[in-house]
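These are the residues of each chain, in order.
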Amino acid sequence: MDRLTSLLDRAPTPEALRRLNRDDLPRLAAELRTEVIAAAAETGGHFGGGLGVVELTVALHYVFDTPHDRLIWDVSHQAYPHKILTGRRHKIRSIRQRGGLYGFTQRAESPYDPFGAAHSSTSISAGLGMALARDFLNKNNHVIAVIGDGALSGGMAYEAMNHAGSLDSRLIVILNDNGMSIAPAVGALTSHLTALRQGKLPSLFEGLGFRHTGPLDGHDLEALVETLETLRDSPEPGPVLVHVVTEKGRGHPFPRPDRERYHAVPKFNPATLEFLAPKANAPSFTQVFAESLITEARRDERVVAITAAMPSGTGLDVFAEQFPERSFDVGIAEQHAVTLAAGLAADGMKPVCAIYSTFLQRGFDQVVHDVALQRLPVRFAIDRAGLVGQDGATHAGAYDLAYMSILPGMVVMAPADAAELRRMVATAIAYDDGPIAFRYPRGEAAGIDQPDACHPLSIGKGRMIRQGIDVAILSLGARLGAAVAAADALAAEGISVTIADARFCKPIDTELVEDLARNHRLLITIEDGAAGGFSAQVLHHLAARDLLLKTRFRAFTLPDRTIAHGSPAEQYADAGLNAAALISGIRAAHRPG
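Along each chain, the written sequence defines residue order, and numbers are assigned to residues from 1. Local features are withheld for residues below a pLDDT of 70 in this predicted model, meaning they are given only at 70 or higher, and side-chain atom pairs are given and counted only at 80 or more; totals for whole chains, interfaces and linings count all residues. By convention in this description, side-chain values take in all heavy atoms of the structure and omit both hydrogens and water.

Asker: It is not clear to me how the pattern of salt bridges should be interpreted in this structure. Could you clarify?
Answerer: Note on pairing: side chains with opposite charge can pair once their charged atoms come close. The salt bridge criterion pairs a side-chain nitrogen of Lys or Arg with a carboxyl oxygen of Asp or Glu, the two atoms within 4 Å. Tallied over the full model, the rule gives 43 salt bridges. Across the pair Arg442 and Asp391 runs a salt bridge, and its minimum N-O distance is 3.5 Å. One end of the pair, Arg442, is in the loop between β13 (436-439) and β14 (463-466); the other, Asp391, is in the loop between β11 (379-383) and α18 (400-405), with 51 residues separating them in the sequence. Owing to a relative accessible area of 38%, Arg442 belongs among the partly exposed residues under this scheme. Relative accessibility thresholds used throughout: buried, under 20% of the residue-type maximum; exposed, over 50%; partly exposed, between the two (1.4 Å probe, protein chains only). When its relative accessible area of 10% is taken as the criterion, Asp391 is described as buried. Taking the shortest distance from any N to any O, the salt bridge between Arg463 and Glu420 comes out at 3.9 Å. Secondary structure follows DSSP: runs of H or I at least 4 residues long count as helices, runs of E at least 2 residues long count as strands, and numbering of each begins at the N terminus.

Asker: How should the pairing of strand β4 (residues 171-177) be read in this particular structure?
Answerer: Consecutive side chains of a regular strand alternate in pointing toward one face of the sheet and then the other. Within β4, seven of the seven residues are buried, leaving the element largely enclosed by the surrounding structure. Neither face of β4 is exposed, since Leu171, Val173, Leu175 and Asp177 on one face and Ile172, Ile174 and Asn176 on the opposite face are all buried. Pairing between strand β3 (residues 143-148) and β4: five bridges, direction parallel. Bridge pairing in β4 links Ile147 to Leu175. Assignment of crossover handedness uses the view with strands pointing away from the viewer, where a clockwise path from the first strand over the helix to the second indicates a right-handed crossover. This β-α-β element, β3 to helix α8 (residues 155-164) to β4, shows right-handed connectivity. By this definition, two strands are paired if DSSP reports at least two bridges between them. Both β4 and strand β6 (residues 239-245) contribute to a ladder of seven bridges, which runs parallel. Paired with Asn176 across the strands is Val244, a residue of β6.

Asker: Help me understand the side chain of Arg479, please; the structure alone is not making it clear to me.
Answerer: With respect to the secondary-structure elements, Arg479 resides in the loop between β15 (471-475) and α20 (480-491). His is not counted here, nor are the chain ends, while Lys and Arg score as positive and Asp and Glu score as negative. For Arg479, which is buried and forms no salt bridge, the nearest opposite charge comes from Asp528, at a distance of 5.2 Å. The term polar contact refers here to a pair of N or O atoms within 3.5 Å; inside protein, the definition further demands a hydrogen-donor-capable atom paired with an acceptor-capable atom, and it admits residues adjacent in sequence only when both atoms are side-chain atoms. At a separation of 2.8 Å, a polar atom in the side chain of Arg479 contacts the main-chain carbonyl oxygen of Leu577. Only heavy atoms matter for contacts: two residues are in contact if any of them lie within 4.5 Å across the pair. Dropping the residues within four chain positions of it, Arg479 is found in contact with Ile526, Glu527, Asp528, Tyr572, Leu577 and Asn578.

Asker: Please explain the side chain of Arg134 as it appears in this structure.
Answerer: Examined against the element boundaries, Arg134 turns out to sit in helix α7 (residues 123-136). Those residues in contact with Arg134, other than ones at most four positions away along the chain, are Lys139, Asn140, Asn141, His142, Val143, Ser169 and Arg170.

Asker: Would you take a moment to explain the packing of helix α15 (residues 334-346) against helix α17 (residues 364-372) for this structure?
Answerer: For any two helices packed against each other, one specifies the crossing angle of their axes together with the interaxial distance. Contact geometry of α15 with α17 gives a least axis separation of 9 Å together with a crossing angle of 10 degrees. Classified by the angle their axes make, α15 and α17 are roughly parallel. Side by side, α15 and α17 meet where Gln335, Val338, Thr339 and Ala342 of the first sit next to Gln366, Val367, Asp370 and Val371 of the second. For this classification, the nonpolar set comprises Ala, Val, Leu, Ile, Met, Phe, Trp, Tyr, Cys and Pro, the charged set comprises Asp, Glu, Lys and Arg, and every other residue, Gly included, is treated as polar. Among the residues making up the contact of α15 with α17, the classes are represented as four nonpolar, three polar and one charged. To get an axis, fit a line to the C-alpha atoms, keeping to the stretch in contact for a helix; angles then go from 0 to 180 degrees between the N-to-C directions. Every angle not falling under 35 degrees, over 145, or within 65 to 115 is termed oblique; those three ranges are roughly parallel, roughly antiparallel and roughly perpendicular.

Listed below in structure tokens is the structure:
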């Protein structure tokens with residue numbers, strides 16, 4: 001064999017990979033790891049998870065007849081090596097960029113992605129569904145679900161195992177045990193897996209009806225291939241779980257250790273290993289939230305914080321450093337997080353449940369049943385509201401304004417800038433009459449931060465930003481900057497624009513809304529959420545007061561489609577929620593005279 005010929009060049013697809021000699025696989029894995037690192041240097045993105053499953057990815061595609069055999073990656077941020085091996089290597093440096101590969105598996109992108117993912121703990125349920133479909137249709141393919149130990153903290157995984165363990169349908173579950181989710185894994189399951197690795201306990205999974213193989217060294221290709229071939233060829237019915245122990249971030253080039261094992265990285269210089277992320281010009285909304293919550297916790301010892309496996313993403317890692325006994329990371333368990341907060345609130349504590357908008361969707365029944373119906377004063381800090389850039393549609397915070405504001409008694413706020421977020425944190429802590437939520441976007445906070453601006457707001461009261469004559473823009477949240485830019489441009493055309501910041505999606509400032517409607521020929525609302533949120537609240541009130549006869553009304557919301565990944569600026573342009581779209585819409589709707 002020519003040692004100068006890249007095996008990756010010779011194996012662009014799993015079909016070609018399966019024609020290699022088994023002895024070539026370690027070299028292929030080494031080249032694949034090098035390629036992942038080289039691509040990450042150019043694009044950034046999810047990193048540590050993929051490095052940890054290089055050998056497992058090679059073994060799975062070598063042993064199984066993908067895509068005929070279904071291979072499902074739970075969450076799938078670890079699927080970069082999978083994408084490289086399944087005909088997408090030439091596009092890997094476009095990942096998470098506009099028009100490029102998606103950062104997660106996606107059915108529309110490749111037949112090797114039989115099930116789209118990005119949220120956690122879904123793979124076993126989806127895999128069991130595919131296995132049952134295979135059985136009904138008398139097919140003979142294998143179904144393999146790869147799930148991490150962090151994802152096993154999600155209750156849905158146990159619901160699926162409970163069902164699968166009662167059936168004879170063939171299903172292979174690979175437990176990728178690296179002791180991590182994004183941050184180090186937490187909870188009793190982590191202790192159980194540690195004991196299994198040490199041979200100290202009977203397996204929980206056998207008790208759920210799974211045959212259990214392992215633990216195996218997830219970086220030993222020979223052992224992986226032999227085990228997977230045995231399972232592939234076994235006629236024994238029912239589900240089986242293969243416990244594979246891997247090292248997240250294995251082979252990363254960086255000299256310093258990292259608590260999250262380099263889960264995600266920005267672009268970096270491959271020679272100096274210096275990260276190339278632009279320097280922030282202002283604190284992020286997440287940072288402002290964390291600092292504000294710490295301030296409130298110092299004042300009130302009843303303040304406690306809850307996150308669902310996202311301590312650094314939500315800023316609660318900083319809170320936990322100050323108040324370790326008052327901070328709870330419950331793992332990937334949003335339902336539990338919400339009802340835990342409800343129980344704390346029921347007995348006199350002031351819980352703040354900090355969860356990304358897209359992940360709070362997973363706990364919506366608990367928000368309704370356990371919090372809203374009982375009017376319990378749970379505080380929801382909803383991070384990553386609106387469009388989130390490179391993580392795309394699966395992580396967009398598109399729906400929280402709608403799904404929170406429909407609930408009786410729920411107060412919903414959205415800050416336009418850093419100072420407003422500080423006031424909303426203070427408002428939420430001071431509010432004890434029922435549940436309250438504040439939602440804020442990813443990235444740098446606009447405006448001038450005012451660390452001392454922590455006095456509570458009056459519930460349901462907005463603020464006037466600029467007084468005009470012809471058109472009124474009522475903005476909710478971080479789209480205020482686009483509204484100001486549009487107003488400046490329209491002023492040059494002789495169109496005088498009033499700008500108001502609603503602050504509250506619910507209850508709306510009815511006095512402000514009525515004043516804007518009565519005194520302007522055109523009333524615009526803008527929000528970074530789907531239709532059915534803030535604009536619906538305003539429109540309902542205007543209709544009830546017959547004020548739609550006084551003004552023309554236009555709502556700028558996210559369109560009724562998903563927005564592809566890209567930079568936030570590209571996404572908001574696509575969604576029609578930037579200054580240019582506002583200007584165009586106002587020109588079209590404005591009637592002089």
